[in-house]
Amino acid sequence: MTIMEGARVHKAVIPVAGLGTRMLPATKAIPKELLPILNKPIIQYVVEEAISAGIKEIIFITRSGKEAIENHFDKNYELELMLEKKGKRKILKSIKNLIPSNVKISSIRQENALGLGHAIHCAKHLIKNEPFAVLLPDEILLQKNKFKDFSQMLKLFEKSGKGQILVEKVSKRLVSNYGVVDIKRKPIKPLTSSPIYQLVEKPIISSSPSNLRIVGRYILPSEIMSILSKTKKGRDGEIQLTDALEFYIKKKPAALEAFLSDSFIFDCGSIEGFLNANIAFADRSRK
Ligand code: G1P
C-alpha cells in the first residue's frame, strides 16, 4: 500500500551521532544529548516534544560510545527497586516509563560521520514509504504561547501534504552558520507557513537568499529518503539534508514550506545556548 503524503506522521528520526566537540571537555565521556537542562537531559525534552505531538516511533541515529542515550530511555531495575524500597515515590516516577507503552524506540548505528543527510538516510529501511519527522537535539525549543511549533507543523503537513521546515529570522551576519530558505520576501506570521523557492546550506553572507535560517525540526515526505541515496557531498564535504531538500523542490515546486517559529530557540551544542536554556527553563518553572 502506498501511503499518501499528507497522511499521518508516525515516525521521527533523531540524529545523536555527533561528537559534541563544542562542549568538550564536558562531553568527553558523556553524550552531549545527556547534558541537563535543569534536572532533565536535553534529549528527553526533544523525545517528549515528538511524543506530545503524536509521534509513535522514535529512531535514533547513533554511534559507538553513545549507548548511555539508549540506557536513559530503558528500564533501570536496580535503581527502581532501590527507590521503591526507600519509598522515594516522586523520584521513582521521574525515572520510570519515560516512553509510553504505545511508543517504540529503536537505534541505528551510523558507521561513518558523513553528514546530517547521511545520518537521516541510515533510517531509510525503517521509514519505508511514509512521511517522517526529523528533530535535531542540539536545538531546544521553549514555546512562547499556547501552541507548540512542532505539533502545529505536523498538523499542517497532515492537512496539506506539504513538507514543513521550521525557520526563524536571524541577523544577516549569522546566516553562514545555518541552512537558509528563500520564500521570496512574502510576509509570514509565526505558526504559519509559506512556500520555499530555494534552500542553501551555510551560504556566504553576501549571497544568502534571506535571513530565514533553518531550525532543527522538519516534517518531510518519504521521497526525501530516495533523493538522499543519490545526494553528493556538499558544504564542508558532508552529505547535506538541505541539498536533498533543494533537489526535491526543483522537481516539485512549492512542495516544501517554511514554518515560522513562535518559540525561544536555544542551541544547546554551545556553552552560551546551553546556559541560556537553563536560565530560561528555570524562569519558566518558577511561573
Ligand atoms: C544542520 C543543518 C542546517 C540547520 C542546522 C540547524 O546544521 O544542516 O541546515 O540550519 O542543522 O541546527 P549543523 O548544525 O549540523 O551544522
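Below you will find a few notes about this structure. All residue numbers here refer to positions counted from 1 along the written sequence of the relevant chain. Reporting in this predicted model follows two pLDDT cut-offs: at least 70 for local features of residues, and 80 or more for side-chain atom pairs to be given and counted; totals over whole chains, interfaces and linings ignore these cut-offs and use all residues. Excluding hydrogens and water, the side-chain figures rest on all heavy atoms present in the structure.

**Observations concerning the overall build of the protein chain**
Piece 1. Under the DSSP-based scheme used, a helix requires at least four consecutive residues in state H or I and a strand at least two consecutive residues in state E, with every element numbered from the N terminus. The helix and strand tally for the protein chain stands at 10 helices and 14 strands.
Piece 2. Note that the radius of gyration is over C-alpha atoms, with the globule rule given as 2.2 Å times the number of residues to the power 0.38. A globule of 287 residues ought to have a C-alpha radius of gyration of about 19 Å, and the protein chain, at 19 Å, matches this closely.
Piece 3. Projected onto its principal axes, the C-alpha positions of the protein chain cover 60 × 45 × 35 Å.
Piece 4. Across the 287 residues in the protein chain, those meeting the buried criterion constitute 50%.
Piece 5. Considering only contacts within the protein chain whose residues lie at least 6 apart along the sequence, 78% involve residues at least 24 apart.
Piece 6. When the accessible surface of the protein chain is totalled, it reaches about 14,700 Å², and 55% of it is carbon and sulfur. The classification of residues rests on relative accessible area computed with a 1.4 Å probe and restricted to protein chains. Under 20% of the type maximum is buried, over 50% is exposed, and intermediate values are partly exposed. What makes two residues a contact is simply this: any of their non-hydrogen atoms within 4.5 Å. Residue burial considers only the protein chains on display, and all accessible areas are found by Shrake-Rupley using a 1.4 Å probe.

**Notes on the site of the ligand**
Piece 1. When at least one non-hydrogen atom of a residue lies within 4 Å of a molecule or strand, that residue is treated as near it. Taken together, L116, L136, E139, Y178, G179, E201, K202, R213, I214, Y218, Q240 and T242 make up the full set of residues adjacent to the ligand.
Piece 2. With respect to the ligand, the backbone of G179 contributes an N or O atom lying 3.0 Å from an oxygen atom.
Piece 3. Each polar contact in these results corresponds to two N or O atoms within 3.5 Å; when the atoms are within protein, one needs to be able to donate a hydrogen and the other to accept it, and residues that are neighboring in sequence are counted only if both atoms are side-chain atoms. One nitrogen or oxygen atom from the side chain of K202 is found 2.6 Å from an oxygen atom belonging to the ligand.
Piece 4. Calculation on the ligand without its partners gives an accessible area of 380 Å², and the protein chains cover 77% of this total.

**Re the pattern of salt bridges**
Piece 1. One speaks of a salt bridge when a side-chain nitrogen belonging to Lys or Arg is within 4 Å of a carboxyl oxygen belonging to Asp or Glu. Under the counting rule described, the total for this entry stands at 17 salt bridges.
Piece 2. Between D267 and R22 there is a salt bridge, with its nearest N and O atoms 3.0 Å apart. Of this pair, D267 sits in strand β14 (residues 263-267) while R22 sits in the loop between β1 (11-15) and β2 (36-37), and the two are 245 residues apart along the sequence.
Piece 3. Among the charged side chains, a network of salt bridges with common partners joins R22, K32, D138 and D267.

**Details of the packing of helix α8 (residues 223-230) against helix α9 (residues 241-251)**
Piece 1. Interhelical geometry of α8 versus α9 gives an angle of 115° and a closest axis separation of 9 Å. By the angle between their directions, the pair α8 and α9 is classed as roughly perpendicular. You can see that α8 and α9 cross each other, and the crossing is right-handed. Along the contact surface, α8 presents E223, I224, I227 and L228, while α9 presents L241, A244, L245, F247, Y248 and K251. Each axis is a line fitted through C-alpha atoms, and for a helix only the stretch in contact is used; angles between axes span 0 to 180 degrees, taken between their N-to-C directions. The scheme is simple: roughly parallel for angles under 35 degrees, roughly antiparallel for over 145, roughly perpendicular for 65 to 115, oblique for anything else. Left-handed describes a crossing whose near helix is turned anticlockwise from the far helix by less than a right angle; the clockwise case is right-handed.

**Let's talk about the pairing of strand β6 (residues 132-135)**
Piece 1. Every second residue of β6 is oriented toward a common face, with F132 and V134 on one face and A133 and L135 on the other, all of them buried.
Piece 2. Two strands pair if DSSP finds at least two bridges between them. By the bridge criterion, 3 bridges tie β1 to β6 in an arrangement that is parallel. Paired with K11 across the two strands is F132, which belongs to β6.
Piece 3. Here 4 bridges tie β6 to strand β12 (residues 212-220), and the two strands are oriented antiparallel to one another. Bridge assignment links V134 to a residue of β12, and that residue is Y218.

**Side note on the environment of I55**
Piece 1. Tracing the backbone shows I55 in the loop between α1 (42-52) and β4 (57-62).
Piece 2. In this structure I55 comes out as buried when scored by relative accessible area, which is 0%.
Piece 3. Distance from I55 to S285, taken between C-alpha atoms, is 25 Å for residues 230 residues apart in sequence.

Purely spatial values, then, with no claim about function.
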